[in-house]
Amino acid sequence: MATVGMETRRATPNDSDQVWPLVRDFAASYEPLPGAFEQSFLDLIGRPDTLVLVAEETAETAETVSRIVGYLLANVHGTFFANGPVAWVEEVMVDKSARGRGVGRDLMEAAEAWARAVPAAYVALASRRAGDFYRALGYEDSATYFRKTFVPPRA
Ligand SMILES: CC(C)(COP(=O)(O)OP(=O)(O)OC[C@H]1O[C@@H](n2cnc3c(N)ncnc32)[C@H](O)[C@@H]1OP(=O)(O)O)[C@@H](O)C(=O)NCCC(=O)NCCS
């Protein structure tokens, strides 16, 4: 019988093929393009101010098979008001088949550990779709989110 395990780890260049479909499914307002994704992925995984995590499911059979079922993208930037850096989670996505098993929580907790180590004053994010997920993880509603688009979102 196969033993299924889950590991949350930093992304490597070899992960891009498996992260790409998750990015495509995550995007609601823009349509990610494969070439732009590949370039951003390689750039972002190499940046010290950026964290790219993947959640990998491993099934230990005769031949070990592994599958990336989630990813998270976060970054830190400096501020005056918080006396130093703050962290923002930009994207978190768990494949439909793996939801409700703590994968999203593991990704967020790993991002929080990274942000604390920076050290960032807090971790924040904007979310329209997943408020209850973040509330379950101890996040509180804060400022309203405003944006002005330079590239039109898809209709
Ligand atoms: C939101 C998302 C990342 C959650 O991932 P997940 O792996 O299913 O979440 P977990 O299993 O780790 O759940 C952690 C906690 O959040 C709660 N939770 C998760 N999704 C929830 C939802 N849609 N509504 C209410 N609570 C939710 C769980 O009940 C759990 O609470 P508990 O630990 O107290 O039982 C996943 O549903 C997803 O990828 N959605 C599509 C993309 C998206 O909306 N991303 C966030 C946009 S910023």
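Look above for the structure.
Summarised in this report is the structure supplied together with it.

Reading the values: the criteria
Residues numbered from 1 in each chain as written. Predicted model: local features only at pLDDT ≥ 70, side-chain atom pairs only at ≥ 80, totals over all residues. Heavy atoms only, no water. Near = heavy atom within 4 Å. Polar contact = N/O pair within 3.5 Å; in protein donor to acceptor, adjacent residues only side chain to side chain. Areas by Shrake-Rupley, 256 points an atom, 1.4 Å probe, with all protein chains shown as cover. Helix = DSSP H or I, 4+ residues; strand = E, 2+ residues; numbered from the N terminus. Nonpolar A, V, L, I, M, F, W, Y, C, P; charged D, E, K, R; others polar. Contact = heavy atoms within 4.5 Å. Axes fitted to C-alpha atoms, helices over the stretch in contact; angles between N-to-C directions. Parallel < 35°, antiparallel > 145°, perpendicular 65-115°, else oblique. Left-handed = near helix turned anticlockwise from the far one by under 90°.

Side note on the site of the ligand
Near the ligand you find 20 residues, and of these V92, V94, G100, G104 and R105 are the closest. One nitrogen or oxygen atom from the main chain of G102 is found 2.8 Å from an oxygen atom belonging to the ligand. Isolated, the ligand exposes 910 Å² of accessible area, and the fraction of that covered by the protein chains is 68%. Of all the elements in the fold, those that place two or more residues in the shell around the ligand are β4 (86-94), α3 (103-117) and α4 (131-136). Residue contributions to the shell around the ligand peak at four residues, all from α4. Counted by class, the shell around the ligand contains 11 nonpolar, four polar and five charged residues.

Some details on the environment of V94
On the secondary structure map, V94 appears in strand β4. Sequence separation of V94 and V54 is 40 residues, and the distance between their C-alpha atoms is 9.6 Å. Aside from chain neighbours lying at most four places away, what touches V94 is V69, G70, R99, V103, G104 and L107.

Brief notes about the packing of helix α1 (residues 16-26) against helix α2 (residues 34-45)
A pair of packed helices is captured by two measures, namely the crossing angle of their axes and the spacing between those axes. Two elements in contact, α1 and α2, have axes separated by 11 Å at closest approach and are oriented at 125°. The angle between α1 and α2 places the two elements in the oblique class. The interaxial crossing formed by α1 with α2 has right-handed handedness. Between α1, through S16, V19, W20 and V23, and α2, the contact on the second element is made entirely by P34, F37, E38 and F41.

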